[in-house]
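# Structural overview
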Amino acid sequence: MSEARTRLLDTASGLFYAEGLHAVGVDRIIAEAQVTRATLYRHFRSKDDLLVAYLTQVDEAIRARVNAARDQGASPEEAIRIIGRGIADDIRRDGFRGCAFLNAAAEYPDPDHPVHQAVLTHRRWFLDTVTGLFTDTGKPDAEPAGRHFVMMRDGAMAAGCLTDPETVGETFLRGVEGLLTYRSSL
């Protein structure tokens, strides 16, 4: 990746997350990244391509964190807890403005739009991954537990930028523990 492309994507990512996808225009990104319009369009054919690259970068960072949790040699239950703690830590982070993917879906509701498709791709992977971890615990009800985890995460991400992030993080982690503890057993 060229230095200019990296600077463009980093600048755009920060602005998109902080201010919204529609709110940030190409001219602002060009000015803040200190590149020319030709440089932007040499690396990204359109603003939509830049938006998808932003979401892809967020997706890759989340995948790396989840894979690190899985690769630590922890049990599936502990990997789920590590993922949950990472989410709770994100909610408590300065500048937290909710989930990049939920924010993008709200701004691009058309299911055929490339931005919405990037959101759906990430969410399918995340649900499949979490469900796989619940399956690996050996307890039944892995699919409902995976869906419940993702739904709790979505709620926590929304609530975390509206109310006390400390309380939201604690509540989310209690919910994760509940999923691990109170599921049916064979």
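Residues numbered from 1 in each chain as written. Predicted model: local features only at pLDDT ≥ 70, side-chain atom pairs only at ≥ 80, totals over all residues. Heavy atoms only, no water.

### A few points about the packing of helix H1 (residues 3-19) against helix H4 (residues 47-71)
Operational definition: A fitted line through C-alpha atoms represents every axis, and for helices the fit uses only the stretch in contact; the resulting angles, taken between N-to-C directions, go from 0 to 180 degrees. Under the DSSP-based scheme used, a helix requires at least four consecutive residues in state H or I and a strand at least two consecutive residues in state E, with every element numbered from the N terminus. Oblique is the label for any angle not covered by the other classes, which are roughly parallel (under 35 degrees), roughly antiparallel (over 145) and roughly perpendicular (65 to 115). Any two residues whose heavy atoms approach within 4.5 Å at even a single point are treated as in contact. Three residue categories are used. Nonpolar comprises Ala, Val, Leu, Ile, Met, Phe, Trp, Tyr, Cys and Pro, charged comprises Asp, Glu, Lys and Arg, and polar comprises the others, including Gly.
Contact pair H1 / H4: the axes reach a minimum separation of 10 Å and the direction vectors enclose 80 degrees. In terms of orientation, H1 and H4 fall into the roughly perpendicular class. Of H4, the residues touching H1 (which contributes Arg5, Leu9, Asp10, Ala12, Ser13, Phe16 and Tyr17) are Lys47, Leu50, Leu51, Ala53, Tyr54 and Gln57. Here the contact of H1 with H4 is composed, by residue class, of eight nonpolar, two polar and three charged.

### Digging into helix H9 (residues 165-181)
Here is the rule: Expected helix span is given by 1.5 Å per residue-to-residue step, counting one fewer step than there are residues. The buried label applies to any residue whose accessible area, calculated with a 1.4 Å probe on protein chains only, is under 20% of its type's maximum; exposed applies above 50%, and partly exposed to all values in between.
Over its 17 residues, H9 runs 24 Å from end to end, which matches the ideal 24 Å to within 8%, given 1.5 Å per residue. Buried within H9 we find Val168, Gly169, Phe172, Gly175, Val176, Gly178, Leu179 and Leu180. Summarising the contacts, the buried residues of H9 are in contact with helix H5 (76-92), helix H7 (114-136) and helix H8 (142-159).

### Focus: H4
Spanning 25 residues, H4 covers 36 Å between terminal C-alpha atoms, matching the ideal 36 Å at 1.5 Å per step. Residues of H4 that are buried sit in contact with H1, helix H2 (26-33), helix H3 (37-43), H5, helix H6 (100-107) and H7. Just beyond H4, the residue with positive phi is Gly73, at close to 75 degrees.

### Quick word on the environment of Thr36
So the rule is basically this: In the analysis that follows, any N or O atom pair within 3.5 Å is treated as a polar contact, provided that within protein one partner can donate a hydrogen and the other can accept it, and provided that, for residues neighboring in sequence, both atoms belong to side chains.
Position of Thr36 relative to the elements: it lies in the loop between H2 and H3. On the basis of relative accessible area, Thr36 is assigned to the partly exposed category, the value being 46%. Counting along the chain gives 84 residues from Thr36 to Leu120, while the straight-line C-alpha distance between them is 32 Å. Only 2.8 Å separates the side chain of Thr36 from the side chain of Thr39, close enough to count as a polar contact.

### Things to note about empty space enclosed by the protein
Which entries qualify depends on this criterion: In this analysis the probe radius is 1.4 Å and the grid spacing 1 Å, with only protein atoms considered; a cavity is a set of points the probe fits into but cannot get out of, a pocket is an open set with protein on both sides within 12 Å along at least five of seven lines, and lining residues have an atom within 4 Å of a point. Grid points are joined across faces, edges and corners, and a volume is the space filled by probe spheres set on the points.
Across all of its chains, the model carries two cavities of 30 Å³ or more by this definition. Volume-wise, the largest cavity comes out at about 50 Å³. Taken together, Phe16, Tyr17, Gly20, Leu21, Tyr54, Arg97, Ala100, Asn103, Ala104 and Glu107 make up the full set of residues lining the largest cavity. Of all the secondary-structure elements, those providing two or more residues to the lining of the largest cavity are H1 and H6. Along the lines of polarity and charge, the residues of the lining of the largest cavity split into six nonpolar, two polar and two charged. Considered as a void within the structure, the second largest cavity measures approximately 30 Å³ in volume. Going through the elements one at a time, H7 and H8 are the ones with two or more residues in the lining of the second largest cavity.

### A short note on unusual backbone geometry
The backbone of Gln34 shows a phi angle near 55 degrees, a positive value even though the residue is not glycine. Relative to the helices and strands, Gln34 resides in the loop between H2 and H3. Look at Gln34 and you get exposed, because its relative accessible area is 67%. We note that Asp141 has phi near 65 degrees; this positive angle belongs to a residue other than glycine. Along the chain, the position of Asp141 falls in the loop between H7 and H8. The partly exposed category is assigned to Asp141, whose relative accessible area is 38%.

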